[in-house]
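Chain by chain, the residues:
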Amino acid sequence: MSRLSDLLADGTRPVVTAEFPSIDGGGMAAVERAVAELLPYVDAVNATDNPAAHAHASNTAIAIAMKQHGLEPIMQVVCRDKNRLAMQADIIGAALFGVENVAILTGDDVTAGDEPEARRVFDLDSIQMVKVASGLAEGHYLSGRAIKEPPTLFVSAVENPFAPPLEYRIERALKKAEAGARMLQLQIGYYPERLENFVRGCVDAGVTQTTAIIPTVVLTKTGRALSFMDDSVPGISIPQTTIDRVAGAGDKEAVAEASYQVTLELAQHALSLPGVSGIHLTDFRHDGSLPRLVEDLKIGPSQHKEQHAHRPELV
Amino acid sequence: MHRLIPIFEHVVKKPVWDCRMCGQCVLHSTGMTCPMTCPKTLRNGPCGGVREDGGCEVKPEMTCVWVKAERRSHSPVNPKRWEAELNHLRPPVNNQLKGTSSWVNLMTGADRRAPSGWTGETAPAEDPEATIGTALVEIDDTTLLPEGFHS
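In this text, all values refer to a predicted model and were calculated from it rather than measured experimentally.

### Quick notes on the overall build of chain A
Stage number 1. Across its full length, chain A carries 13 helices and 8 strands.
Stage number 2. Within chain A, contacts between residues at least 6 apart in sequence are counted, and of these 76% link residues at least 24 apart.

### Here's the deal with the packing of helix 5 (residues 126–138) of chain A against helix 6 (residues 168–179) of chain A
Residue and element names in this part refer to chain A.
Stage number 1. Helix 6 packs onto helix 5 with a crossing angle of 20 degrees between their chain directions and a minimal axis gap of 8 Å. The angle between helix 5 and helix 6 falls in the class roughly parallel. Relative to helix 6, helix 5 is oriented so that their crossing is right-handed. Residue-level inspection shows I127, V130, K131 and S134 of helix 5 in contact with helix 6, the latter providing K175, K176 and A179.
Stage number 2. Its residues assigned to classes, the contact of helix 5 with helix 6 comprises 3 nonpolar, 1 polar and 3 charged.

### Here's the deal with unusual backbone geometry
Stage number 1. Cis geometry marks the peptide bond from P164 of chain A to P165 of chain A, where omega comes out at -10 degrees.
Stage number 2. Following the sequence through the fold, P165 of chain A ends up in the loop between strand 5 (154–159) and helix 6.
Stage number 3. Unlike most non-glycine residues, F122 of chain A shows phi in positive territory, near 45 degrees.
Stage number 4. Residue position: F122 of chain A is located in the loop between strand 4 (101–105) and helix 5.
Stage number 5. Residue classification places F122 of chain A among the buried residues on the basis of 24 C-beta atoms within 10 Å.
Stage number 6. Phi is positive for D18 of chain B, which is not a glycine, with a value near 55 degrees.

About the criteria used
Residues numbered from 1 in each chain as written. Chains lettered and ligands numbered in written order. Predicted model: local features only at pLDDT ≥ 70, side-chain atom pairs only at ≥ 80, totals over all residues. Helix = DSSP H or I, 4+ residues; strand = E, 2+ residues; numbered from the N terminus. Contact = placed C-beta atoms within 7 Å. Axes fitted to C-alpha atoms, helices over the stretch in contact; angles between N-to-C directions. Parallel < 35°, antiparallel > 145°, perpendicular 65-115°, else oblique. Left-handed = near helix turned anticlockwise from the far one by under 90°. Nonpolar A, V, L, I, M, F, W, Y, C, P; charged D, E, K, R; others polar. Buried ≥ 20, exposed ≤ 12 C-beta atoms within 10 Å, placed from the backbone.

What follows is the structure, encoded as structure tokens:
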């Protein structure tokens, strides 16, 4: 199985995942720069699939490039842009290059992006696609057509414990686990009590027996960034007290520090919850805060040198 | 008569549920809320974009179809069945049934037929004689190929 799934199954330390930056131009050098920035600090990284409905270098291309540069990819597959044939082909194609981790998402609507005129596809929903992807690893396409020597796949999904209907989110997590998701990365959230209820519910419902739960925190620098997420990203809500605490901290440096502290506290709280297997880091700062965060949290490969020895060198 | 059934069904279901004639109705297991009215046509629960007030990500003025479905599934009208069925895993939409009558498809079982890979079965290998590649080898006169075949 993939390095990520082995690490989760091992369970000796929390895993650290992150988001690969969107790549457009710059050739492979652009990929290499991003790999070098992340490789020492994280266990696996999401190769995003047209995030926020903006076109970028594809999920498959980035996942393969990451793999070739020694960084463990989690290939995101969103249901918005492609039908069932294309999504299956992408997963099977990337698997030829050793991409084993796939994360299935519904995807932001096309209206969230810069090409709102695009046709939305949503041929399958994310739970259906989780089951279809699991079927590929079992040796058949959705049609039932057999795949000789099927690829090894570690299928995962996402969930948002912070958006209504709150109670139903646990049942949806269970449904995803039953469809074959072995890891759930969670949406960015600023309500620790909602996360706590969700994780406790997942433990009680048996979700965590099969499926690792990975909450997400985001590194931001300003109060304005928090206000933007609160106002403009559907599914993300931030308490006004949190925004005020950051925005009112003082000068630019004090604001950035307050913002970092908010992220650190959320991450510490998330990692303290029984049933949580790691943390997902989204970095909007790119100022060295990510290495600082993993050091403060004492997590990830850079804090566990014995794991590091098994990692391939950056080519 | 059979041509009139879908029209009759649409006349009844459009004003009440904004029916989209997917031909495989699941209203009874989604709290009588049509999942095809979700802009993402999600049949297995809400996406992560539901707004703090329960509004839809795409159409903020509309309450999320699944927020409604979850609420209505507890309705006293038929709580046992609606609550139990809300969490059923619904198979991929069969796009071939679009525009046909779900009442007829319910009767014939066409609305419950899922691809064999959905139920975990592996289909028997295709007869190699029947594949187009094999057939091509046997065609000497390529002008016999259907129009557009070369593109």
